[in-house]
Amino acid sequence: MPKYKVLIVKIGALGDAVMASSMINAIRAGHQDAHITWLCGEEIAALVKTFKGVDEIITLNNKLLAGNVLNKIKFVLESWKKLLGRRYDLCLTGHSDSRYRLLSKTAVCKARRHFGGRFGPLPGRYHGTEYARLALGHDHSVDVSYALAETTVAPSEASKGMILLLPGGARNIMNSDGLRGWPVSHYKKLAEVLLSRSVPVGLIGGPDDVWLEDEFIGLPVRSFIGKTTVSELLEVIAGASALVSHDSGPMHMAYLLNTPLVALFGPVMPQSRLPYCIRESALFAGMPCSPCYDGRNYAGCSSNVCMQSVLFYETIKKLEEMKIIK
């Protein structure tokens with residue numbers, strides 16, 4: 001018999017791709033020999049390539065999404081060309097925005113499902129669970145749990161024994177989410193305390209975060225900011241002793257790779273971003289206005305007092321509780 005063929009449409013971002021990887025095991029629970037194709041943006045292709053169980057990856061130039069209307073049309077046409085005439089038993093679109101459903105219009109799919117309506121995602125429930133529920137076709141009344149994808153990432157020796165900090169980040173190809181970032185001054189104080197205890201500290205981030213290195217001048221930290229590809233960043237995180245990070249792509253990479261994590265939250269509930277098994281590692285500023293993120297936009301806020309209220313010594317205490325430092 002021909003294999004059961006599934007198309008996953010999940011264009012970005014890094015953290016979303018990690019959570020969406022639960023669909024792989026959910027699909028294979030019912031169709032062990034399924035052929036799984038993942039349509040994604042170039043931004044996350046290197047990450048998706050590490051997921052065991054994905055048979056084929058089709059990449060799109062998702063930088064076009066940040067451009068004008070003409071570029072967005074080119075993006076859709078690129079997808080139509082690559083999927084034209086391809087046949088699938090099931091097409092899964094892991095986006096609530098209905099425009100992403102256009103991307104698979106030229107593929108022939110026996111069944112289609114997408115986020116939205118009875119398929120969620122349901123507020124307050126871990127998105128990895130919601131992706132698995134989408135893959136299985138269950139409605140809101142069903143709470144399922146499937147492991148995230150196994151990966152082929154090898155730990156880097158360059159970060160061995162380090163505690164990594166992410167002072168930048170909180171952005172993707174479409175927008176900047178600065179309100180969920182932890183203040184750089186807090187990261188600096190945390191680095192100073194760790195170094196005083198002879199704990200090696202590393203900094204991670206993208207090319208747009210290079211300016212942050214100036215905030216750590218005089219401290220013997222190792223900076224990987226802007227110096228790693230996505231593949232190399234995965235290896236650096238896999239090799240580290242722990243990561244301290246606000247809600248970001250690297251935060252999701254850490255628990256995917258079983259790297260100990262202290263996760264910092266304010267505008268977003270940790271329940272929707274972290275698997276149940278590691279939620280005790282989260283520090284959440286449960287202020288009266290939290291959470292204030294609806295999946296696309298934040299409430300009007302001139303200062304992220306929620307994140308500022310998570311103090312650096314709380315992260316030290318959490319690292320001690322987790323026995324990462326003494």
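In case you missed it, the structure is sitting above this.
Residues numbered from 1 in each chain as written. Predicted model: local features only at pLDDT ≥ 70, side-chain atom pairs only at ≥ 80, totals over all residues. Heavy atoms only, no water.

Trainee: Sorry if this is basic, but what is going on with the sheet that holds strand β1 (residues 5-9) here?
Mentor: Picture the strands of a sheet paired through backbone hydrogen bonds; they go either parallel or antiparallel. The five strands lie next to each other as β3-β2-β1-β4-β5, forming an open sheet whose pairing is parallel. The open sheet terminates on both sides in strands that have one partner only, identified here as β3 (56-60) and β5 (108-114). Sheet twist, expressed as the average angle between the axes of neighbouring strands with direction ignored, equals 20 degrees. Two elements, strand β4 (residues 87-93) and β5, share six bridges in a ladder whose sense is parallel. By the bridge assignment for β5, T93 is matched with H114. Running over the sheet, helix α4 (residues 69-83) touches β1, β2 (35-41), β3 and β4 and is turned about 150 degrees from β3. (Pairing = 2+ DSSP bridges. Helix = DSSP H or I, 4+ residues; strand = E, 2+ residues; numbered from the N terminus. Axes fitted to C-alpha atoms, helices over the stretch in contact; angles between N-to-C directions. Contact = heavy atoms within 4.5 Å.)

Trainee: It is not clear to me how the environment of E42 should be interpreted in this structure. Could you clarify?
Mentor: With respect to the helices and strands, E42 occurs in helix α3 (residues 42-48). Taking relative accessible area as the criterion, E42 reaches 45% and is therefore assigned partly exposed. In the structure, E42 is positioned 16 residues away from I58 in sequence and 9.2 Å away in space, judged by C-alpha atoms. Here E42 is in contact with T59, L60, N61 and N62, once residues within four sequence places are set aside. (Buried < 20%, exposed > 50% of the residue type's maximum accessible area, 1.4 Å probe, protein only.)

Trainee: For this particular structure, what's the right way to read helix α5 (residues 127-136)?
Mentor: With nine of its 10 residues buried, α5 lies for the most part within the structure. Among the residues making up α5, those that are buried are H127, G128, T129, E130, Y131, A132, R133, L134 and A135. Elements in contact with the buried residues of α5: α1 (14-20), α2 (22-30), β4 and β5. Once α5 finishes, G137 follows within two positions and takes phi at roughly 80 degrees, a positive value.

Trainee: What is the right way to look at the packing of helix α6 (residues 184-196) against helix α10 (residues 312-321) in this model?
Mentor: Pairs of packed helices are described in terms of their axes, by the angle between the two and the distance that separates them. Where α6 contacts α10, the two axes come as close as 8 Å, and the packing angle between them is 45 degrees. Taken as axis vectors, α6 and α10 run oblique relative to one another. Here the hand of the crossing between α6 and α10 comes out right-handed. In this structure, α6 uses H186, K189, L190, V193 and L194 to contact α10, whose residues at the interface are F312, T315, I316 and L319. For the contact of α6 with α10, the class distribution of residues is six nonpolar, two polar and one charged. (Parallel < 35°, antiparallel > 145°, perpendicular 65-115°, else oblique. Left-handed = near helix turned anticlockwise from the far one by under 90°. Nonpolar A, V, L, I, M, F, W, Y, C, P; charged D, E, K, R; others polar.)

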